[in-house]
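Single-letter residue listing:
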Amino acid sequence: MARKETITKTEILNAAFQLTRENGFSNVSARTLAAKAGCSTQPIFRVYKNMEELGAELYARASAFFDEYYDNFPKTSETPFVNLGLAYIRFAQEEQQLFRLLFLSQERHGKSLYDLLNGGNGSVVKEINNAKFYGCKDPSGMFMRMWIFIHGSACMSLTGDYDLQEEDTVKLLEESYKAFLNV
């Protein structure tokens, strides 16, 4: 009679996700994962061929987590790209390790940075359409200009070089959008 499984694939993935949030994906090994999940390494390799397969599934989970984070983020500004920018910067501040995995890693499991940011909810497309609605003549170009500013700000928050309050960030994003309209 076969021994009953005591740990599921979901529990292993949840443990890997928590380890990644706490210490970064580069610190997730079969041994650290087994310790976090409360099992040996055997169940990990029973459900995953290798750590790369686990990494791909974990990446998809982190991407879905960001989508949900953005969907639930309060939308307070009518200026295009401000809500997206604020959510992205705050995500970098609050979820530093997931931010590094998703947006600073070279391995994106077949997704571009644009795909990740646009997510399953089409957030970038909505912002581009919103910019067009408000009279922006080059909404895709506007996205690129704003994105460079937004991504730079988020990366600065990881190093402690970005210490602006939320209202200051909103003001800067709105001012940047208005300034870029004249470019």
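The notes below deal with the structure included here.

Rules of the game
- Residues numbered from 1 in each chain as written.
- Predicted model: local features only at pLDDT ≥ 70, side-chain atom pairs only at ≥ 80, totals over all residues.
- Heavy atoms only, no water.
- Helix = DSSP H or I, 4+ residues; strand = E, 2+ residues; numbered from the N terminus.
- Salt bridge = Lys/Arg side-chain N within 4 Å of Asp/Glu carboxyl O.
- Buried < 20%, exposed > 50% of the residue type's maximum accessible area, 1.4 Å probe, protein only.
- Expected span 1.5 Å × (residues − 1).
- Contact = heavy atoms within 4.5 Å.
- Phe/Tyr/Trp six-rings, centres within 6.5 Å; stacked < 30°, edge-to-face > 60°.
- Lys NZ or Arg CZ within 6 Å of the ring centre and 35° of its normal.

**Quick word on unusual backbone geometry**
- Located in the positive-phi region is Phe81, a residue other than glycine, with phi close to 75°.
- With respect to the helices and strands, the residue Phe81 is situated in the loop between α4 (51-72) and α5 (82-94).

**Concerning the pattern of salt bridges**
- According to the stated counting rule, one finds four salt bridges in the structure shown.
- With a closest N to O distance of 3.5 Å, Glu57 and Lys9 form a salt bridge. With a gap of 48 residues between them, Glu57 in helix α4 and Lys9 in helix α1 (residues 9-23) connect regions that are remote in the sequence.
- Using a relative accessible area of 36% as the deciding quantity, one classes Lys9 as partly exposed.

**Focus: α1**
- Here α1 contains 15 residues, and its C-alpha end-to-end distance of 21 Å stays within 8% of the 21 Å for a straight helix at 1.5 Å per residue.
- Within the span of α1, buried status applies to Ile12, Leu13, Ala15, Ala16, Phe17, Leu19 and Thr20.
- Buried positions along α1 lie against α2 (30-37), α3 (42-47), α4 and α6 (96-104).
- Positive backbone phi, at 95°, marks Gly24, one or two positions downstream of α1.

**Comments concerning the packing of aromatic side chains**
- One pass over the full model with this rule turns up 15 aromatic pairs.
- On the basis of an interplanar angle of 45° and a centroid distance of 6.3 Å, the ring pair of Phe81 and Tyr177 is categorised as tilted. Within this pair, whereas Phe81 is found in the loop between α4 and α5, its partner Tyr177 is found in helix α10 (residues 166-181), the two being separated by 96 residues in sequence. This pair shows no difference in class: Phe81 is buried, exactly as Tyr177 is.
- Aromatic pair Phe143 and Trp147: ring centres 6.0 Å apart, planes at 20°, arrangement stacked. With a gap of four residues between them, Phe143 and Trp147 both fall in helix α9 (residues 139-158), about one helical turn apart. Each member of the pair, Phe143 as well as Trp147, is classed as buried.
- Its guanidinium or amino end placed over the ring of Phe17, Arg61 lies 4.3 Å from that ring's centre, counting from NZ or CZ.
- The cationic tip of Lys75 hangs over the ring face of Tyr70; the distance from NZ or CZ to the ring centre is 4.2 Å.

Everything listed is a geometric property; what it means functionally is a separate question.
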